[in-house]
Amino acid sequence: MNVDKPTRFIMARHGETVYNTEKRLQSPKDRLTDKGKSQIVELAKELTSFDINHFISSDETRTVESAEIISKIIGVPFVKDSLIREKGSGDFSDNFVKDIDWGQIKGDFFNKKIPNGESVNDVIKRARIFLDKLKYFNNEETVLIISHGSFIRIMFCLITGKNIEEILLNHELPNAKMIIISHSGEKWVIEKSDIIQK
């Protein structure tokens with residue numbers, strides 16, 4: 001009996017950014033550092049070992065910059081998708097983390113929201129929609145996705161059933177690192193995970 005080969009999804013985080021080094025809350029205008037660009041070049045070299053059929057990037061500047069570098073090296077064009085953006089920092093965007101009064105943000109872990117920003121639950125809703133979209137790619141195809149640390153960790157938890165709060169608070173996906181997941185039928189399998197404990 002023939003068994004269809006699974007669809008493979010490579011989800012990678014953008015390279016190091018200026019705001020990563022300055023410890024500011026992210027905003028769409030944050031850009032890659034020279035180190036971040038070098039990290040992405042190394043990631044792209046690793047990705048040349050995969051036969052990538054589709055390439056999706058978050059539409060924020062740091063992910064688009066990463067995707068442009070990768071696209072030139074692997075020879076696959078990319079499309080942008082706003083569903084896979086990082087959690088919106090709203091009115092706190094661009095501010096130094098140490099200067100923010102977190103006590104003014106009310107609510108539990110999943111529902112507290114920066115003014116004009118997003119809650120964790122808002123990102124979970126986007127991640128669920130994107131996860132459903134992934135099921136429509138053909139068997140045997142490989143899809144590359146360039147996104148953000150929080151979004152990818154939430155996707156990882158939705159797939160594995162791991163505790164989202166615990167993973168977001170105590171683990172991270174370093175810049176230019178990835179998870180590889182495969183999907184067949186209703187089954188998801190984690191092939192590789194670069195998520196580490198903080």
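Everything below is about the structure printed above this text.
Each chain carries its own residue numbering, running from 1 in the direction its sequence is written. Thresholds applied to this predicted model are a pLDDT of at least 70 for local features of residues and 80 or more for the giving and counting of side-chain atom pairs; totals over whole chains, interfaces and linings are not thresholded and use all residues. As a rule here, side-chain values cover all heavy atoms of the structure and leave hydrogens and water aside.

(A) Fine view of unusual backbone geometry. One non-glycine residue, Lys23, lies in the positive phi region at around 55°. Helical segments are the DSSP runs of H or I of at least four residues, strand segments are the runs of E of at least two, and each set is numbered from the N terminus. Residue position: Lys23 is located in the loop between helix H1 (18-22) and helix H2 (34-47).

(B) The arrangement of the pattern of salt bridges in detail. Here a salt bridge means any side-chain nitrogen of Lys or Arg lying within 4 Å of a carboxyl oxygen belonging to Asp or Glu. Per the stated rule, a full pass over the model turns up 14 salt bridges. Between Arg126 and Glu118 there is a salt bridge whose closest N-O contact spans 2.8 Å. Accessibility here uses a 1.4 Å probe with only protein chains present; expressed as a share of the type maximum, an area under 20% marks a residue as buried, one over 50% as exposed, and anything in between as partly exposed. The class for Arg126 is buried, based on a relative accessible area of 12%. With relative accessibility at 18%, the residue Glu118 sits in the buried group.

(C) Expanded view of the packing of aromatic side chains. In this scheme Phe, Tyr and Trp rings, the latter by its six-membered ring, pair at centre separations within 6.5 Å, and the angle between planes marks the pair as stacked below 30 degrees, edge-to-face above 60, and tilted otherwise. For the structure on display, the rule yields six aromatic pairs. Centroid distance Phe55 to Phe78: 5.5 Å. Interplanar angle 50°. Geometry classified as tilted. Highlighted residues: Phe55 in strand S2 (residues 54-57) and Phe78 in the loop between helix H3 (61-74) and strand S3 (79-80), separated in sequence by 23 residues. Given a relative accessible area of 2%, Phe55 falls into the buried group. Between Phe130 and Phe151, the aromatic rings sit 6.2 Å apart at their centres with planes inclined by 65°, giving edge-to-face as the arrangement. Separated by 21 residues along the polypeptide, Phe130 in helix H4 (residues 120-134) and Phe151 in helix H5 (residues 149-160) bring together distant segments of the chain. Like Phe130, the residue Phe151 is buried in the burial classification.

(D) Representation of the pairing of strand S1 (residues 7-13). S1 sits mainly inside the fold: six of its seven residues count as buried. The criterion for strand pairing is that DSSP finds at least two bridges linking the strands in question. Inspection of the sheet shows S1 paired to strand S6 (residues 178-184) by six bridges, in the antiparallel sense. Bridged to Ala12 within S6 is Met178. Bridge analysis of S1 against strand S4 (residues 142-147) gives six bridges, and the strand direction is parallel. In the strand pairing of S4, Ile10 is matched with Leu144.

Honestly, it's all geometry; don't read function into it.
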